[in-house]
Amino acid sequence: MSEKKAGGGLQGVVAGQSAISTVGVGGIGLNYRGYDINDLAYKCSFEEVTYLLLKGHLPNQQQLNELKTLIWQKRQIPCKLKQILETLPKESHPMDIMRTVASIVGILEPETKPGQEYEISIRLISLFGPALLYWHHYSNSGIKINENTGKDSIAENFLKLYHLKSEIDPLVVKTFDVSLILYAEHDFAASTFAARVTVSTLSDFYSGITTAIGTLRGPLHGGANEAAMQYLEPLRSIPQADQFLNSRYQSKQLIMGFGHRVYKKEDPRSPIIKDFSLQLSKTASGDPTLLAVSQHIEKRMIEEKKIYPNLDFYSASAYKQCGVPTPMFTAIFVISRMTGWGGHIIEQRSNNKLMRPVSDYTGPAKKQFVPIEMRNNANL
Ligand code: CMC
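Residues numbered from 1 in each chain as written. Predicted model: local features only at pLDDT ≥ 70, side-chain atom pairs only at ≥ 80, totals over all residues. Heavy atoms only, no water.

## With respect to the sheet that holds strand 2 (residues 29–32)
Next up, step 1: Pairing is antiparallel in the open sheet, where three strands are placed in the order 1-2-3. The sheet terminates laterally at strand 1 (21–24) and strand 3 (35–36), the two strands that pair on one side only.
Next up, step 2: When strand 1 meets strand 2, the two strands line up antiparallel, connected through four bridges. Each residue of the ladder has a partner; that of S21, found in strand 2, is Y32. (Pairing = 2+ DSSP bridges. Helix = DSSP H or I, 4+ residues; strand = E, 2+ residues; numbered from the N terminus.)

This is the structure:
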């Protein structure tokens with residue numbers, strides 16, 4: 001850590017070095033390993049970005065083909081995991097399923113030797129979606145899905161398995177894929193930092209990932225996309241949106257999907273996902289009212305509070321229009337951020353130092369010890 005005294009929430013503290021991404025420090029905007037987020041979102045696939053984040057460079061065609069084959073092989077759900085998923089209640093939150101899947105795979109396929117990080121990362125990136133959807137369909141309707149949809153992309157495989165369809169609208173697939181690219185990496189975000197702290201103790205890869213999933217879940221971090229959809233869903237007109245905002249302003253409650261620790265103006269990912277959400281709203285299965293309400297809330301928040309939407313705000317309407325249920329939104333974030341977490345665990349281990357900061361002690365001065373038989377309220 002730098003010598004700077006940590007403010008609340010370690011705000012502004014430089015907690016280490018990383019060559020994986022920058023969220024704009026140095027004036028070069030959000031990029032992954034030097035590539036601008038706009039180029040990656042509009043010109044790449046999530047699989048290419050996965051390779052970039054884990055291996056450090058973009059793949060050539062042969063390397064991408066090999067990765068796609070590996071993903072296809074690694075999406076196979078182990079029988080023992082299927083048996084466990086079948087026992088989990090349908091009321092479980094998808095984030096509990098994700099954390100449990102990471103934990104169980106860590107038992108069934110433990111990390112046993114150095115150098116397995118890439119393989120384990122691809123295993124989890126490939127398996128998380130199929131495992132979640134196996135549990136979803138089994139617990140809701142007793143269907144045991146066949147997770148293998150061929151050499152489909154992660155996005156296409158997820159959407160086909162969720163909708164139980166063999167064809168998905170290409171715009172829906174593209175939107176989902178772009179969201180995975182945008183969510184893939186974001187420097188020392190809380191969940192990534194948590195994963196790095198865990199592996200800095202020389203703990204195993206899976207422990208780093210379960211730590212990260214638990215940290216991502218909260219609505220101040222990854223849980224914001226789900227939380228945003230929860231308030232957006234009932235708002236079916238502009239007056240209703242106004243009423244909602246006014247009451248939140250009055251009660252000084254946070255509006256999830258707005259604000260960011262680093263970006264005090266526009267989150268560079270927000271216009272990209274908004275673009276796709278708007279495109280979807282103009283299709284037959286789109287929801288133009290949801291977009292009109294979202295844009296109205298965005299306009300008022302910027303004009304009246306100077307607070308901008310983050311990636312989670314328009315991801316909510318994008319996922320909704322992809323037909324995905326709200327409780328799965330943050331779980332999709334897990335599938336994506338698994339790439340960044342993997343890259344950061346590899347980087348942390350390449351030059352490891354135990355992460356162990358100190359606090360600014362604000363407790364009492366040294367006290368005289370009082371034996372239990374002599375304690376009363378006055379001398380505690
Ligand atoms: N709604 C209402 N007011 C807000 C919001 C919001 N979403 N965000 C910040 N503010 C206010 C905050 O109350 C504070 O006001 P005051 O100075 O009067 O106390 C001021 O803006 C500064 O905010 P802050 O709390 O110092 O900012 P922070 O850097 O600690 O917090 C944040 C960043 C993301 C936790 C916060 O903006 C927030 O809680 N947003 C809502 C949750 C959310 O959307 N999280 C997703 C973050 S981006 C993706 C990710 O990391 O997963």
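## Focus: the site of the ligand
Next up, step 1: Looking at the ligand, there are 18 residues lining it, with H221, I255, G257, F258 and R261 nearest.
Next up, step 2: One nitrogen or oxygen atom from the side chain of R261 is found 2.8 Å from an oxygen atom belonging to the ligand.
Next up, step 3: Burial of the ligand by the surrounding chains reaches 63%, relative to a free accessible area of 930 Å².
Next up, step 4: For the shell around the ligand, a count of residues per class yields nine nonpolar, six polar and three charged. (Near = heavy atom within 4 Å. Polar contact = N/O pair within 3.5 Å; in protein donor to acceptor, adjacent residues only side chain to side chain. Areas by Shrake-Rupley, 256 points an atom, 1.4 Å probe, with all protein chains shown as cover. Nonpolar A, V, L, I, M, F, W, Y, C, P; charged D, E, K, R; others polar.)

## Some details on the nonpolar core
Next up, step 1: Judged by nonpolar contacts, the single largest core of 106 residues is most densely connected at F128, F158, I209, Y231 and I297.
Next up, step 2: For this core, the element with the most residues is helix 6 (residues 117–141), which contributes twelve residues.
Next up, step 3: Beyond its immediate chain neighbours, meaning those up to four positions away, I297 contacts Y231, L232, L235, A241, F244, L245, F258 and F313. (Core = buried A, V, L, I, M, F, W, Y, C linked by side-chain atoms within 4.5 Å. Buried < 20%, exposed > 50% of the residue type's maximum accessible area, 1.4 Å probe, protein only. Contact = heavy atoms within 4.5 Å.)

## A short note on unusual backbone geometry
Generally, phi is negative for residues other than glycine and the peptide bonds are trans, each holding for most cases.
Next up, step 1: For L202, which is not glycine, the phi dihedral falls at a positive 70 degrees.
Next up, step 2: Inspection of the secondary structure puts L202 in the loop between helix 9 (190–200) and helix 10 (205–216).
Next up, step 3: According to the relative accessible area criterion, L202 is exposed, its value standing at 71%.

## Focus on the environment of S92
Next up, step 1: By the element assignment, S92 lies in the loop between helix 4 (79–87) and helix 5 (94–108).
Next up, step 2: Along the primary structure S92 and H136 are separated by 44 residues, whereas in three dimensions their C-alpha atoms are 9.6 Å apart.
Next up, step 3: Apart from residues no more than four positions distant in its own chain, S92 is found in contact with I97 and W135.
Next up, step 4: Engagement of the side chain of S92 in a polar contact is seen with the backbone oxygen of P89, the distance being 2.6 Å.

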